[in-house]
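# An overview of the molecular structure
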Amino acid sequence: MKKRQIGLFFGSFNPIHIGHIIIANHLVEHSDLSEVWFVVTPQNPFKQKRTLLNNYDRLEMVHRAVESYEKLQPSDIEFHLPVPNYTTHTLSYLEEKYPTVNFALIMGEDNLKSFHKWKNYEHILANYPIYVYPRISEGEVPKEIENQGNIIHVDAPIIELSATFIREEIKAQRNVRPLLDAKVWKYIDEMGFYR
C-alpha cells in the first residue's frame, strides 16, 4: 500500500491569513501531497513569546480557517512536546505516531536561506522532502542546501502578506477583513485581539 504524503506547514499562525491558505491549497492541488497539516508552534525558537496569542486561540483560528478545505488540517502536535519546539524532534515524534505516512516540510524561500541554523538541519535535509514556495527576500540560499535532491521548488503564487503586517494594521484600526478568512476575522474581532 502506498503511504500517504503529508506536508507539514509549521508556523505561529498569529494569525493565520489568506496567504497561508493559498499556499497550502496550491500544494495539495499541484504536488503529490495528499494533505497539508498546519502545525501550530507554541514557541518558535527564533521568535519572541510576548507577541504571541495563546496556543489555543491560534489553533482555534486555524480550525476556523481550514474547516471548509478537506485536504487542509490543523495540528496541535507541538503542544504536547517539550519547549522550545525543534522541527527535528517533531518529525521524529510524528514518524513514530504515524508509521504509515510519509512527511514532508513546507517552507518559504526566506526560511530556506536560514535553514542551516536549524537544529539537526542536515538530518532533516537528508530524510525529508522540503517543498519551498517563493518569497521575495534578501540574501541567497547556501549552495550546500540548494543543491540537495530533497529540495522541491514549487511554482506557487508569490504572496507578500505577513501576520506581523496584519497585527499592526489591526492595532492601527485599519480594515484587514479581505486578508483573513471571514470566520477568523470574526473571532479576532469578537475577542479584541491585537488591539
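Up top is the structure.
Before going into details, it helps to say that this report is about the structure given with it. Predicted, not measured: the structure shown is a model, and the values here were computed from it. (Residues numbered from 1 in each chain as written. Predicted model: local features only at pLDDT ≥ 70, side-chain atom pairs only at ≥ 80, totals over all residues. Heavy atoms only, no water.)

## Here's the deal with the overall build of the protein
Spelled out, the test is: Each helix is a run of DSSP H or I of at least 4 residues and each strand a run of E of at least 2, with the numbering of both proceeding from the N terminus. A radius of gyration in this sense is built from C-alpha atoms; the matching globule rule multiplies 2.2 Å by the number of residues raised to 0.38. Residue contacts follow a heavy-atom distance rule, with two residues in contact if any of their heavy atoms lie within 4.5 Å. Method for areas: the Shrake-Rupley scheme with a 1.4 Å probe, in which residue coverage is limited to the protein chains shown. When charges are counted, Lys and Arg contribute as positive and Asp and Glu as negative, whereas His and the chain ends are disregarded. Charge positions come from single atoms, namely NZ of Lys, CZ of Arg, CG of Asp or CD of Glu.
Along the backbone of the protein there are 8 helices and 6 strands. In the protein, the succession of α and β elements from N to C terminus is β-α-β-α-β-α-β-α-α-β-α-β-α-α. Relative to the globule expectation of 16 Å for 195 residues, the C-alpha radius of gyration of the protein, 16 Å, shows essentially globular dimensions. Long-range contacts, defined here as pairs at least 24 residues apart, represent 70% of the contacts in the protein between residues at least 6 apart. Accessible surface, the protein as shown: approximately 10,500 Å² in total, 48% of it carbon and sulfur. Computed over 22 positive and 25 negative side-chain charges, the inter-centroid distance for the protein is 5 Å.

## Here we look at the packing of aromatic side chains
This is how it is decided: The aromatic pairing rule takes the rings of Phe, Tyr and Trp, using the six-membered ring of Trp, and pairs them if the centres are within 6.5 Å, calling planes under 30 degrees apart stacked, those over 60 edge-to-face and the rest tilted.
In the structure shown here, the tally under the stated rule is 12 aromatic pairs. Here the aromatic residues F9, F13, F38 and Y133 are joined through ring pairs into a cluster of three or more.

## Let's talk about the packing of helix 2 (residues 55-66) against helix 8 (residues 182-191)
Put simply, the rule reads: Only the contacting stretch of a helix is used when fitting its axis, a line to C-alpha atoms as for every element, and angles between N-to-C directions run 0 to 180 degrees. In these notes the angle categories are as follows: under 35 degrees is roughly parallel, over 145 is roughly antiparallel, 65 to 115 is roughly perpendicular, and the rest is oblique. Throughout this entry, Asp, Glu, Lys and Arg are counted as charged residues, while Ala, Val, Leu, Ile, Met, Phe, Trp, Tyr, Cys and Pro are counted as nonpolar. The remaining residues, Gly among them, count as polar.
At a minimum axis separation of 8 Å, helix 2 and helix 8 run at an interaxial angle of 150°. When the axis of helix 2 is compared with that of helix 8, the two are roughly antiparallel. When helix 2 is examined against helix 8, the residues D57, E60, M61, R64 and A65 are found in contact with a partner set consisting of K183, V184, Y187, I188 and M191. Its residues assigned to classes, the contact of helix 2 with helix 8 shows 6 nonpolar, no polar and 4 charged.

## Structural notes on the environment of I188
We apply this condition: Classification of residues uses two cut-offs on accessible area relative to the type maximum, computed with a 1.4 Å probe and protein chains only: under 20% is buried, over 50% is exposed, and between them is partly exposed.
Topologically, I188 is positioned in helix 8. Accessibility expressed as a relative area gives 1% for I188, which makes it buried. What I188 contacts, discounting residues up to four positions off in sequence, is P15, M61, I170, L180, F193 and Y194.

## Here's the deal with the nonpolar core
Taken as a class, soluble globular proteins show a tendency for nonpolar side chains to be buried jointly. What counts, and what does not: Here, the term nonpolar core denotes a set of buried Ala, Val, Leu, Ile, Met, Phe, Trp, Tyr and Cys residues that are joined through side-chain atoms within 4.5 Å.
Counting 38 residues, the largest nonpolar core has F9, I16, V36, F38 and I188 as the members making the most contacts within it. Mapped onto this core, the elements with two or more residues apiece are helix 1 (18-30), strand 2 (35-40), helix 2, strand 4 (101-108), strand 5 (130-133), helix 7 (163-171) and helix 8. Ranked by size, the runner-up nonpolar core spans 24 residues in total, among them W37, I77, F103 and Y121.

## Notes on helix 3 (residues 87-97)
Given 3.6 residues per turn, any residue in an α-helix points the same way as the ones three and four places further on. Rule in force here: What the arc describes is the spread of directions from the helix axis to the C-beta atoms.
Residues of helix 3 that are buried: T87, T88, T90, L91 and L94. Around the axis of helix 3, the buried residues are gathered within 160° of arc, so they sit on the same side. As for helix 3, its buried residues are in contact with strand 1 (4-11), strand 2, strand 4 and helix 5 (121-127).

Keep in mind these numbers describe shape, not what the thing actually does.
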